[in-house]
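Coordinates in review
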Amino acid sequence: MPRLPPLRPSPWVFDANRNPPVYTRAMMGSELATQRTTVALGGVGDTCLGLNLVSSLNKEEMIDRTRRAVDKLRFVSPLIACTVEGDVQSYRWVYTPSGDRKAWLDLAFAVEDRGESINPSDFANAVVLKKLPYTDGKGTAIHFRVYLLTTSKARSDNTQEYGLYFHSAHCLMDAAPALCALNSMLEWMTGKGTDVTIVPSIEWKNLPVDPITATGGLAKEWETSLGTQFMEELERVQDDTRDYIGLTPPSRPLNMTDKPLHYVAALSESETAAIVAQTKKLGISVTALYQAANALAQLRLNPKRPGADLDLSLAVIPISLQRFLKPPANPKSHFVSALTALSLRFPVTQCLKEPTERGRLIAIAREVHERLGKLVAHPCLPQLGVAMASIPPSQKKNGGRMQNPWRCGVDSLGILEALVKTDHGAIKVDSMTAGNRKGPYTTMHVWTMHNKLTFDIQGASAWGEKTLKTLVEDTVKIGSLILEPPAKL
């Protein structure tokens, strides 16, 4: 592994020599890693995330309240008004305090009439194909937009369906910060939260601190060999080219201009409760259960030679840093990518010798739970992403590219109500939809809302409908095997 450069905070710097003057800060951690990926792979990772709503408010009132909430969001989380400069070695955030606020708001907020139904998956699939940044032809360029989706048909109870969505570069937005921001907007729109008085002259003070400062400063363990050993362990997983559970690359070419494919499956409240209770009984997490179920589902689609040595390789396991945030970072307004990625690889040959699919599922899930738990508990975890991104791709093996990206990863978002309330009085949250501009890597997001487990898979059109639909359906079915009694052999 290349020599690790010194890990230091990166404060915002005022540059009075530019016209107009600006504030700048170097990207770090997942901000930098996702920006490099996006630029290198033609927009891969650009994110759409939103909430599907039901409200008694009419369209005109909803539009007015949403626009005012977007203006407040900029004041509280001004990174959404930033531009990006630099190259693969070092990208920087650039914030212009004297920018034309109305021109920005006109570009950052859009209303889209969806006819009789929101059709959220179709919207997410279409919007991620829009190449960022948005521009108005007059010098304003932004990497973030809020969409209010409206419908023309009233429901039987005289309420309307709406959608409140963000489309952004991944360096600015991932799930937890975005959900917190959406929740703040809904509070302002319904008067349920603390109101915000916009004072443009001090808006810059709300720019998010760097990820080292945001997580309470560099852990003392980085002064020892623990940090570099942690990084080396993860890099060995990422660089390992031996065979593992994955998917057969599709025969169709990868076309980034095609709409991605998107499928959603969900369990009922009673099924979800039973799954959660059984995982507790077995001593595994829901995350570990569906990592294992997804691995077995991939193995069904791409069987390996019986008896062959085989590993499970989880190259990218996103971990939100939300729970590690400390003052001055405020989790409700720290709107910037705040992730780290773990990697896990271990042999499953012995697990696969279990005589039943249920037995194989539980054996793999227990391995994932134990091994992932140790990684998550590592004291260097909060600043791991900063350390990994501090080494330029040119100094990494294979340029930092993923070995065999033709696979499906599972991203567990947890219980969404921990981040966003579902009842805001005049506005109620029905569901969430997420989407990304996709390359070869396929992602299945798993979360719980309204006490129901939801499985949302998205992949490039090259995979074909049958592969992705089978993958999500088999993952759900295999995961539910823990509810069956053990087989009597």
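So, here is what we can say about the structure in this document. (Residues numbered from 1 in each chain as written. Predicted model: local features only at pLDDT ≥ 70, side-chain atom pairs only at ≥ 80, totals over all residues. Heavy atoms only, no water.)

**Points about the sheet that holds strand β1 (residues 13–15)**
The cut-off we apply is this: Paired strands, in this sense, are two strands between which DSSP finds at least two bridges. Here a strand is any run of E in DSSP of at least two residues, a helix any run of H or I of at least four, and the numbering for each starts at the N terminus. For every element, the axis is a line fit to its C-alpha atoms; helices are fit only across the contacting stretch, and the angle between N-to-C directions ranges from 0 to 180 degrees. Note on contacts: a residue pair qualifies if any of its non-hydrogen atoms lie within 4.5 Å across the two residues.
A sheet is described by the order of its strands in space; here four strands give the open sequence β1-β2-β5-β4, paired in antiparallel fashion. Where the open sheet ends on each side, the last strands, each with one partner, are β1 and β4 (83–87). Across this sheet, the average inter-strand angle for adjacent strands is 30°, counted without regard to direction. Looking at chain direction, strand β2 (residues 22–26) and strand β5 (residues 90–95) are connected through four bridges and run antiparallel. Its bridge partner being in β5, Y23 is matched across the sheet by Y95. In the packing of helix α1 (residues 29–40) onto the sheet, contacts are made with β2, β4 and β5, and the angle to β5 comes to roughly 105°.

**What to know about the nonpolar core**
Put simply, the rule is: Nonpolar cores are built from buried Ala, Val, Leu, Ile, Met, Phe, Trp, Tyr and Cys residues. Side-chain atoms within 4.5 Å join them into one set. Residue burial is assigned from relative accessible area. The probe radius is 1.4 Å, only protein chains are included, and a residue is buried under 20% of its type maximum, exposed over 50%, and partly exposed in between.
Within the largest apolar cluster, 73 residues are counted, with the highest numbers of intra-cluster contacts made by W93, F166, M185 and F335. By residue number, the principal contributor to this core is helix α5 (residues 175–190), which donates nine residues. Those residues within four positions of M185 in sequence are excluded, and the remaining contacts are T66, A69, V70, L73, V146, L164 and F166. Grouped together as the second largest cluster of nonpolar side chains are 71 residues, M231, A288, A365 and V446 included.

**Quick look at the pattern of salt bridges**
This is how the line gets drawn: For this document, the term salt bridge refers to a Lys or Arg side-chain nitrogen within 4 Å of an Asp or Glu carboxyl oxygen.
Inspection of every chain in the model, using the stated rule, returns 27 salt bridges. Of the charged contacts in the structure, one is a salt bridge between R345 and D240, with a shortest N-O distance of 3.7 Å. One end of the pair, R345, is in strand β13 (residues 339–347); the other, D240, is in the loop between α7 (226–239) and β11 (261–266), with 105 residues separating them in the sequence. For the pair R345 and D240, a shared accessibility class is recorded, and that class is buried. Residues participating in the shared-partner salt-bridge network are D71, R74, R101 and E203.

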